[in-house]
Amino acid sequence: MLTVDFDRLGIGTGTTVIDVGCGAGRHSFEAYRRGADVIAFDQDADEIDGVATMFAAMAEAGEAPAGASARAVVGDALALPYPDGAFDVVIASEILEHVPADGTAIAELIRVLADGGTLAVSVPRWLPEQICWLLSDEYHSNEGGHVRIYRASALRNKITGAGLRFTGSHHAHGLHAPFWWLKCAVGVNNPDHPLVSAYHKLLVWDMMSRPSATRVAEAVLNPVVGKSVAMYFTKADFTTTARTRALR
């Protein structure tokens, strides 16, 4: 289940990608399948072990093009251990809402992005997230939980204010927002509740089968109650910018 639209990223053979806060690795795996040189980066060592195991299985099964590379790295998003401009694409999906010092994290994402590169960021959307918070303190008041609710415009302005150019956005996972409202209403740690269990089975079936009916339903729901908002930015190519200014 991807939140980021890879068709917007231009990832192919030789593209350097870092997936910061990769979690279980869903975006990292897709970048690897497309031939990128990928770093899956997260502070959770257990998650990273699982991602590394999957990378190895993908390589053995021939699921990535020859020449693509993939590494799973444990580390801190507030101090990325890479030089300035190291990556053509930086992905930060569903991570910034967990980080108290989000300004520092954003600065690091931008620092390691190459001139002319693309930053893809996604966070929970304001309205669906607000409803979750109203229904349940347990949903967000836990170690490593969500520390803020973003308005998309505020996050967009924070990133463009740091020097990037906004290029577009979309909403995702419209079928998932009602699931989380239901979980919050009955207790987020109550997965065996009959309604939660039934809805979860529906979502798993949808992800595995991708029937046309639910694709249409989600396309309709995304603009209204999409659980996530994804935004895309580019970093100015300063060589091109300087050349353009010189010609004026």
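All values derive from a computational prediction rather than experimental measurement.

Enquirer: Sorry if this is basic, but what is going on with unusual backbone geometry here?
Expert: Glycine aside, negative phi is the norm for most residues, and most peptide bonds take the trans geometry. One non-glycine residue with positive phi stands out, namely His-173, at about 65°. Here His-173 is to be found in the loop between strand E6 (164-172) and helix H6 (176-186). With a phi close to 45°, Arg-210 is a non-glycine residue in the positive phi region. Tracing the backbone shows Arg-210 in the loop between helix H7 (194-209) and helix H8 (212-225).

Enquirer: Could you clarify how one ought to interpret the UniProt feature "domain: Methyltransferase type" (unreviewed entry) in the protein chain in this entry?
Expert: When the UniProt feature table is mapped onto this chain numbering, "domain: Methyltransferase type" (unreviewed entry) sits at residues 18-120. Note that residues 18-120 is 34% helix and 29% strand, and that its end C-alpha atoms are spaced 11 Å apart.

Enquirer: Help me out: how do you make sense of the pairing of strand E1 (residues 16-20) in this one?
Expert: Every other side chain in a regular strand lies on the same face of the sheet, so the side chains alternate between the two faces. Burial analysis of E1 places four of its five residues in the buried class, the great majority of the element. Sheet analysis places E1 next to strand E2 (residues 37-42), joined by five bridges and oriented parallel. When the sheet's bridge partners are listed, Thr-16 is paired in E2 with Asp-37. Traced from E1 through helix H1 (residues 26-33) to E2, the parallel crossover comes out right-handed. One ladder, built from three bridges, connects E1 with strand E4 (residues 87-93); its direction is parallel. Looking across to E4, one finds that Asp-19 is bridged to Ile-91.

Enquirer: Can you walk me through the pattern of salt bridges in this structure?
Expert: Close approach of charged atoms allows side chains of opposite charge to pair. Under the definition given, this model contains twelve salt bridges. The shortest N-O distance in the salt bridge between Glu-30 and Arg-34 comes to 2.9 Å. The salt bridge involving Arg-111 is made with Glu-108; its shortest N-O contact spans 2.7 Å. One end of the pair is Arg-111 and the other is Glu-108, both in helix H3 (residues 102-111) and three residues apart, which spans about a single turn. Residue classification places Arg-111 among the partly exposed residues on the basis of a relative accessible area of 22%. Here Glu-108 falls in the buried class, since its relative accessible area comes to 12%. Three or more residues are tied together by salt bridges with common partners; here these are Asp-7, Glu-30, Arg-33, Arg-34 and Glu-63.

Enquirer: Whenever I open this one, H7 confuses me. Can you help?
Expert: The end-to-end C-alpha distance of H7 is 22 Å, a good match for the 22 Å that 16 residues give at a rise of 1.5 Å each. Buried within H7 we find Val-196, Tyr-199, Leu-203 and Asp-206. End-on view of H7: buried residues confined to an arc of 90°, all on one side of the axis. Set apart from the buried face of H7 by more than 90 degrees, the exposed residues are Pro-194, Lys-201 and Met-208.

Enquirer: Would you take a moment to explain the sheet that holds E4 for this structure?
Expert: Note: strands within a sheet are paired through backbone hydrogen bonds, in either parallel or antiparallel orientation. In space, the seven strands of this open sheet follow the order E3-E2-E1-E4-E5-E7-E6, with mixed pairing throughout. Two strands lie at the open edges of the sheet, namely strand E3 (69-74) and E6, each paired on one side alone. On average, each strand axis in the sheet is tilted by 15° relative to the strand beside it, whichever way the strands run. Each of E1, E2, E3 and E4 touches H1; the most contacted strand, E2, lies at about 170° to it. Packed on one face of the sheet, helix H2 (residues 45-61) meets E2 and E3 and runs near 165° to E3.

Thresholds, definitions, all that
- Residues numbered from 1 in each chain as written.
- Predicted model: local features only at pLDDT ≥ 70, side-chain atom pairs only at ≥ 80, totals over all residues.
- Heavy atoms only, no water.
- Helix = DSSP H or I, 4+ residues; strand = E, 2+ residues; numbered from the N terminus.
- UniProt positions renumbered as here; feature names shortened; annotations may be inferred.
- Buried < 20%, exposed > 50% of the residue type's maximum accessible area, 1.4 Å probe, protein only.
- Pairing = 2+ DSSP bridges.
- Right-handed = clockwise from strand over helix to strand, strands pointing away.
- Salt bridge = Lys/Arg side-chain N within 4 Å of Asp/Glu carboxyl O.
- Expected span 1.5 Å × (residues − 1).
- Arc of directions from axis to C-beta.
- Axes fitted to C-alpha atoms, helices over the stretch in contact; angles between N-to-C directions.
- Contact = heavy atoms within 4.5 Å.

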